[in-house]
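Structural characterization, general
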Amino acid sequence: MDGGCGCGQIRYAIAASQPPVVYACHCTDCQTQSGSAFALQMPVFEAMLSTTGQLVSGERTLPSGAVGTIYACAKCLVRIYSKNSTRKGMLTIRAGTLDNSKKLVPKFHLWVRSKQPWIAIPKGALALDGQPASTEEWMRLLTE
Ligand SMILES: [Zn+2]
Ligand SMILES: [Zn+2]
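Here, residues in each chain are numbered from 1, in the same order as that chain's written sequence. All chains are assigned letters beginning at A, and all ligands numbers beginning at 1, according to the order in which they are written. Only residues with pLDDT of 70 or above have their local features reported here, since the model is predicted, and side-chain atom pairs are shown and tallied only from 80 upward, although totals for entire chains, interfaces and linings are computed over all residues. Hydrogens and water molecules were not included; the side-chain quantities draw on all heavy atoms of the structure.

Some details on the coordination of the zinc ion (ligand 2)
- Listed donors are limited to N, O and S atoms within 2.8 Å of the metal, widened to 3.2 Å for Na, K and Ca; water is not among them, so incomplete-looking sites are possible. Taken together, Cys25 (SG), Cys27 (SG) and Cys30 (SG) make up the full set of protein donors to the zinc ion (ligand 2), lying 2.1 to 2.2 Å away.
- Counting residues between consecutive donors of the zinc ion (ligand 2) along the chain gives the motif C-x1-C-x2-C.
- Under the scheme applied here, a residue whose accessible area is under 20% of the maximum for its type counts as buried, over 50% as exposed, and between as partly exposed, the area being computed with a 1.4 Å probe on protein chains only. The exposure class of cysteine 27 is buried, given its relative accessible area of 11%.
- On the basis of relative accessible area, cysteine 30 is assigned to the buried category, the value being 7%.

This is the structure:
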């Protein structure tokens, strides 16, 4: 799977035998970060990602107390992925930067209680009011 920024300076590839899970996060933090209604997230292992081009990063403390680092194209500032200090070895791709993003279907929706009211969650979609309660629940959502 390939993707990149808006200006073409950053290109990346994800090496995976099957497409990683994508989810939609409707938390207010993702709304602020993306400047949009929700974020389309794709967690992958760091080792699966290779990038070309120059990235810049910015850090901030998340509501949970963890440190979040965002990596963006140094030229056009499109955000490519983020890291969380409590999830070593993982990173979260901004799935809208994938070349074939139109084929992505979120496997689940998080923080539905803070979603923008005009967004209708598709019938039958797995939707959580907040976020998974434990690491085990996270892993179950991402792997099953
Ligand atoms: Zn760019
Ligand atoms: Zn979020």
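And the narrative resumes.
Considerations on the sheet that holds strand S5 (residues 49-52)
- Reading across from one edge, S1-S2-S5 is the order of the 3 strands in this open sheet, with antiparallel pairing throughout. The open sheet has two free edges, formed respectively by strand S1 (2-4) and S5, since each of these has just one partner strand. When strand polarity is set aside, the average angle formed by the axes of neighbouring strands in this sheet is 20°.
- Strands qualify as paired when DSSP identifies two bridges or more between them. Starting at the N terminus, helices and strands are each numbered in turn, a helix being any DSSP run of H or I of at least four residues and a strand any DSSP run of E of at least two. Pairing of strand S2 (residues 11-14) with S5, which is carried by 4 bridges, proceeds in the antiparallel orientation. The partner of alanine 13 across the bridge, within S5, is serine 50. To obtain each axis, a line is fitted to C-alpha atoms, and for helices this fit is confined to the stretch in contact; angles are then taken between N-to-C directions over 0 to 180 degrees.

Here we look at the nonpolar core
- We define the nonpolar core as a collection of buried residues of types Ala, Val, Leu, Ile, Met, Phe, Trp, Tyr and Cys that are connected through side-chain atoms lying within 4.5 Å of one another. Counting residues in hydrophobic clusters, the biggest one holds 17 residues, and the most contacted among them are Tyr12, Ile14, Met42, Leu49, Tyr81, Ile93 and Leu98.
- Going through the elements one at a time, S2, strand S4 (39-45), strand S7 (67-73), strand S8 (79-84) and strand S9 (90-94) are the ones with two or more residues in this core.
- Should any heavy atoms of two residues lie within 4.5 Å, those residues are counted as being in contact. Among residues more than four places away in sequence, those in contact with isoleucine 14 are Met1, Pro20, Met42, Val44, Met48, Leu49, Ile93 and Leu98.
- The next biggest cluster of nonpolar side chains, apart from the first, holds 12 residues, and it includes Cys27, Ala39, Trp138 and Leu142.

Concerning the coordination of the zinc ion (ligand 1)
- Binding of the zinc ion (ligand 1) to the protein goes through Cys5 (SG), Cys7 (SG), Cys73 (SG) and Cys76 (SG), at separations of 2.3 to 2.4 Å.
- Working rule for geometry: tetrahedral if four donors all subtend angles between 85 and 135 degrees; square planar for four, octahedral for six, if opposite donors exceed 155 degrees and the others stay between 65 and 115; irregular in every other situation. Of note is the zinc ion (ligand 1), whose 4 donor atoms meet at the metal with angles of 106 to 113° in an arrangement that counts as tetrahedral.
- Read in sequence order, the donor residues for the zinc ion (ligand 1) give the motif C-x1-C-x65-C-x2-C. With a gap of 68 residues between them, cysteine 5 in the loop between S1 and S2 and cysteine 73 in strand S7 connect regions that are remote in the sequence.
- When its relative accessible area of 12% is taken as the criterion, cysteine 5 is described as buried.

Details of the environment of glycine 89
- Structurally, glycine 89 can be placed in the loop between S8 and S9.
- Here the alpha-carbon distance between glycine 89 and methionine 42, two residues 47 residues apart in the chain, equals 14 Å.
- Among residues more than four places away in sequence, those in contact with glycine 89 are Val44, Phe45 and Glu46.

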